[in-house]
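Breakdown of the fold
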Amino acid sequence: MREEKKLTLWERYLTKEIGIEFKACLYFFAILFFVCVFRMINGTFSVSIAHMAEMIFTCYIIGYMQVFLFGNFDEADTLGLREYAGVTVCTLLYCGVSVLGGWLDRKVLATLIFAAYILLTYVCVILIYRSKRRIDDKKLNEELKLFQTEHKKSE
């Protein structure tokens, strides 16, 4: 008798947590890169550890929001109202925290460019996840065909 292999509650939780961890690291790197470029353009070659802590903490909070409130919009197959709301809210939150924390010296133009950069980052991540899903689908279909061929030979 074959047992059904369903994900346990722990496995589902762990899958979500790993996804949030990955998002936090990805967006933290993107934001840190932007802030470093901003700093270099303005003649400073350092970023405050306090700012970096704010950035990573913000990335985690927004990562949880993305997954649990906005349907994991950067991994969605299609974008609907909920996903567009998520992109908007999360971008505004990143910009708001950047202003409060002074990441970009509270410069309006820099913050607007940062907002555009965050939106571009979301578009890139959405396209990357979409491409990964297509590649994974192809690999699974190839493995299924191979399994079916092997299964027919053994009969």
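Above this note sits the structure.
Reference entry: report on the structure contained in this document. Because the structure is a prediction, the values reported are computed rather than measured.

Each value, and the rule that gives it
Residues numbered from 1 in each chain as written. Predicted model: local features only at pLDDT ≥ 70, side-chain atom pairs only at ≥ 80, totals over all residues. Heavy atoms only, no water. Core = buried A, V, L, I, M, F, W, Y, C linked by side-chain atoms within 4.5 Å. Buried < 20%, exposed > 50% of the residue type's maximum accessible area, 1.4 Å probe, protein only. Helix = DSSP H or I, 4+ residues; strand = E, 2+ residues; numbered from the N terminus. Contact = heavy atoms within 4.5 Å. Expected span 1.5 Å × (residues − 1). Arc of directions from axis to C-beta. Phe/Tyr/Trp six-rings, centres within 6.5 Å; stacked < 30°, edge-to-face > 60°. Axes fitted to C-alpha atoms, helices over the stretch in contact; angles between N-to-C directions. Parallel < 35°, antiparallel > 145°, perpendicular 65-115°, else oblique. Left-handed = near helix turned anticlockwise from the far one by under 90°. Salt bridge = Lys/Arg side-chain N within 4 Å of Asp/Glu carboxyl O. Patch = residues over 30% accessible without salt bridge, like charges linked within 9 Å, V, L, I, M, F, W, Y side chains within 5 Å. Areas by Shrake-Rupley, 256 points an atom, 1.4 Å probe, with all protein chains shown as cover.

The subject of this paragraph is the nonpolar core. Among the nonpolar cores identified, the biggest contains 30 residues, and I31, M55, Y94, L104, F114 and Y122 are the most heavily contacted of them. In terms of residue count, the dominant contributor to this core is helix α1 (residues 9-41) (nine residues). Apart from the residues lying within four places of it in its own chain, the contact partners of M55 are F28, I31, L32, V35, V47 and W103.

Its 21 residues give helix α3 (residues 81-101) an end-to-end C-alpha distance of 30 Å, which sits within 8% of 30 Å, the value for a rise of 1.5 Å per residue. What α3 keeps buried is the set E83, G86, V87, C90, T91, Y94, C95, S98 and G101. Each buried residue of α3 sits inside an arc of 150 degrees when the element is viewed along its axis, so together they form one side. Exposed residues lying more than 90 degrees from the buried face of α3 are L81, L92 and L100. Elements that come into contact with the buried residues of α3 comprise α1, α2 (49-68) and α4 (108-154). Downstream of α3 by a residue or two, G102 has a phi angle that is positive, lying close to 70 degrees.

Think of a pair of aromatic rings as described by two things: how far the centres are apart, and how the planes are tilted against each other in angle. Counted according to the given criterion, the structure contains seven aromatic pairs. Taking 5.1 Å as the distance between ring centres and 80 degrees as the angle between the ring planes, the aromatic pair formed by F73 and Y122 counts as edge-to-face. With F73 in the loop between α2 and α3 and Y122 in helix α4, this pair connects stretches of sequence that are 49 residues apart. Residues F73 and Y122 agree in their burial class; the two are buried.

Glancing now at the packing of α2 against α3. The angle between the axes and the distance between the axes are what describe a pair of packed helices. With their axes 11 Å apart at the nearest point, α2 and α3 run at an angle of 165 degrees to one another. In terms of axis orientation, α2 runs roughly antiparallel to α3. For the crossing formed where α2 meets α3, the hand is right-handed. Of α3, the residues touching α2 (which contributes H51, E54, T58, C59, I62, M65, Q66 and F68) are R82, V89, C90, L93, Y94, V97 and G101.

Within the secondary structure, T58 sits in helix α2. A relative accessible area of 7% means that T58 is categorised as buried. Among residues more than four places away in sequence, those in contact with T58 are Y94, V97 and W103.

All right, on to the pattern of salt bridges then. Any two side chains of opposite charge can pair, so long as their charged atoms come close to each other. Counting across every chain of the model gives six salt bridges. Here K132 ties to D136 by a salt bridge, and the two come within 2.8 Å at their closest N and O atoms. Here K132 and its partner D136 are both found in helix α4, four residues apart, which amounts to about one turn of the helix. The exposure class assigned to K132 is partly exposed, which follows from its relative accessible area of 46%.

Looking now at α4. Compared with an ideal rise of 1.5 Å per residue, which puts 47 residues at 69 Å, α4 spans 68 Å between its outermost C-alpha atoms and is within 8% of the ideal. For α4, the secondary structure elements touched by its buried residues are α1, α2 and α3.

For N72, which is not glycine, the phi torsion reads 55 degrees and is therefore positive. By the element assignment, N72 lies in the loop between α2 and α3.

Attention shifts here to a nonpolar patch on the surface. Together, W10, Y13, L14 and I18 line one region of the surface with nonpolar side chains, adding up to about 450 Å² of accessible area. Among the secondary structure elements, I18 is positioned in helix α1.

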